[in-house]
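Now for the letters of each chain:
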Amino acid sequence: MVLDRRQLPEDPAELTAALAAVRCRHQSDRWAGAMKIALISPSANPLYDLDYRFVQCLDPHWNRLDLRGNCGHSMLVAITAATRMGWVPLYPGARVRVNVINNDDLVVGEVDQLSQRVAEFTVHLLSTRPRPVAGLLPTGAPLTTLRTPLGRLEVSFVDWANPYVLVAAADLGVTDQAALFAADTDLLERLRVVRECAAEVLGWAPDGAFPKIAALGQYRPGELAVRAVTVPSWHPSLGLTGACCLAVAAEVGGTVPAILRDRAGMGLGELVLCTPGGTVRASAALVDGAVGWASVSGKTVRFEEARAPQTIEVS
């Protein structure tokens, strides 16, 4: 769901109450299952086109929210909605600059192709302040021994675009891509346990949305397989912010994705990620010991006209 943020309060408690009221009004229509909300407005800052605040709902009634993260797919939906409202123009080559209020990121949606109903983007993610490599690792190391009920696991904590805990699928007993991509409830439960233990290390609520978690496997040359979790279940592919985070993490020697990328024979700067929903291509660069940027190409937004209400779908 995309809403005009100017019509809503800024205070988190007041915002939670206002959104719960919105959810109550839509409980009988197709929006009832929405768990991600984009709050947008034209930006007063000339450096940006849109101000964007991402809201992750943690329960189906929108009574619990997490405001700490970002969501690349909902941001692309927001750009498309803003275009339909006449706030920003879209044309091939256009770059829409989005100020992410949650974490001060700058996200640029560059239009590669455009038709009446479809827009294809390359998304670039930058930080408005220089982010040294050391600042990407919340635990201060590329690998951290995480104590869990499943045993000790060597995982990577990486905070870029969204905070993630990254774990090798082999360490969870997953030895092939078919098993990684199966809708296996036991694997989902193991990842939930690992994520909650990671949240405790960071001092965050275990039942929140962050850190996000992804399991990585290396089964074929030239690519990595990725299985990610979203609220409340498996992600159908991989979050755009997750792809950016993985691309940056792979540039930092000793992390789980860097180790597996070397094993796959991929060079620096590029990452090919195989997901249950298709292949994702991401790239990133470190400049003078800091993150320069991360990009993901081939993201498509399809606009569907409906009598009431209008919907936007993204892939």
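All values reported here derive from a predicted model rather than from experimental measurement. (Residues numbered from 1 in each chain as written. Predicted model: local features only at pLDDT ≥ 70, side-chain atom pairs only at ≥ 80, totals over all residues. Heavy atoms only, no water.)

(A) Expanded view of the environment of Tyr91. Here Tyr91 lies in the loop between helix H2 (72-84) and strand E5 (95-100). Placed 20 residues apart in sequence, Tyr91 and Val111 show a C-alpha to C-alpha distance of 6.6 Å. Beyond its immediate stretch of four places on either side in the chain, Tyr91 contacts Val111 and Leu114. (Helix = DSSP H or I, 4+ residues; strand = E, 2+ residues; numbered from the N terminus. Contact = heavy atoms within 4.5 Å.)

(B) Region of interest: the pairing of strand E12 (residues 224-229). Along E12, six of the six residues are buried, which leaves the element largely enclosed by surrounding structure. Residues Leu224, Val226 and Ala228 line one face of E12 and the alternating positions Ala225, Arg227 and Val229 line the opposite face, and both faces are buried. As paired strands, strand E11 (residues 212-217) and E12 are joined by five bridges and run antiparallel to one another. Among the inter-strand pairings, Ile213 is bridged to a residue of E12, identified as Val229. As paired strands, E12 and strand E13 (residues 270-275) are joined by two bridges and run parallel to one another. (Buried < 20%, exposed > 50% of the residue type's maximum accessible area, 1.4 Å probe, protein only. Pairing = 2+ DSSP bridges.)

(C) Highlighting the pairing of strand E10 (residues 162-168). Most of E10 sits inside the fold, with seven of its seven residues counted as buried. Here five bridges tie E10 to E11, and the two strands are oriented parallel to one another. Across the sheet, the residue bridging to Tyr164 is Lys212, located in E11.

(D) Local environment of the pattern of salt bridges. Overall, the coordinates contain 14 salt bridges when judged by the stated rule. With a shortest N-O distance of 2.3 Å, Glu189 and Arg192 are connected by a salt bridge. On the criterion of helical spacing, the pair formed by Glu189 and Arg192 is a turn pair, its members being three residues apart in helix H4 (residues 185-202). We classify Arg192 as partly exposed; its relative accessible area is 35%. By sharing partners, the salt bridges in this structure join Arg5, Glu10 and Arg53 into a single network. (Salt bridge = Lys/Arg side-chain N within 4 Å of Asp/Glu carboxyl O.)

(E) View of the nonpolar core. In this structure, Tyr52, Ile79, Phe121, Trp160 and Leu273 are the most contacted members of the largest nonpolar core, which totals 62 residues. With eight residues, helix H5 (residues 240-249) is the single largest residue contributor to this core. In this structure Ile79 touches Leu50, Val88, Leu90, Val96, Val98, Gly109 and Phe121, once residues within four positions along its chain are discounted. (Core = buried A, V, L, I, M, F, W, Y, C linked by side-chain atoms within 4.5 Å.)

(F) Layout of H4. Spanning 18 residues, H4 covers 26 Å between terminal C-alpha atoms, matching the ideal 26 Å at 1.5 Å per step. Listing the buried residues of H4 in full gives Leu187, Arg190, Leu191, Val193, Val194, Arg195, Cys197, Ala198 and Ala199. For H4, the elements touching its buried residues are strand E8 (144-148), strand E9 (151-160), E10, helix H3 (177-181), E11 and E12. Of the residues flanking the end of H4, it is Gly203, one or two places downstream, whose phi is positive at about 80°. (Expected span 1.5 Å × (residues − 1).)

(G) Focus on the environment of Pro232. Here Pro232 lies in the loop between E12 and H5. Judged by relative accessible area, which is 69%, Pro232 ranks as exposed. Along the primary structure Pro232 and Leu58 are separated by 174 residues, whereas in three dimensions their C-alpha atoms are 7.9 Å apart.

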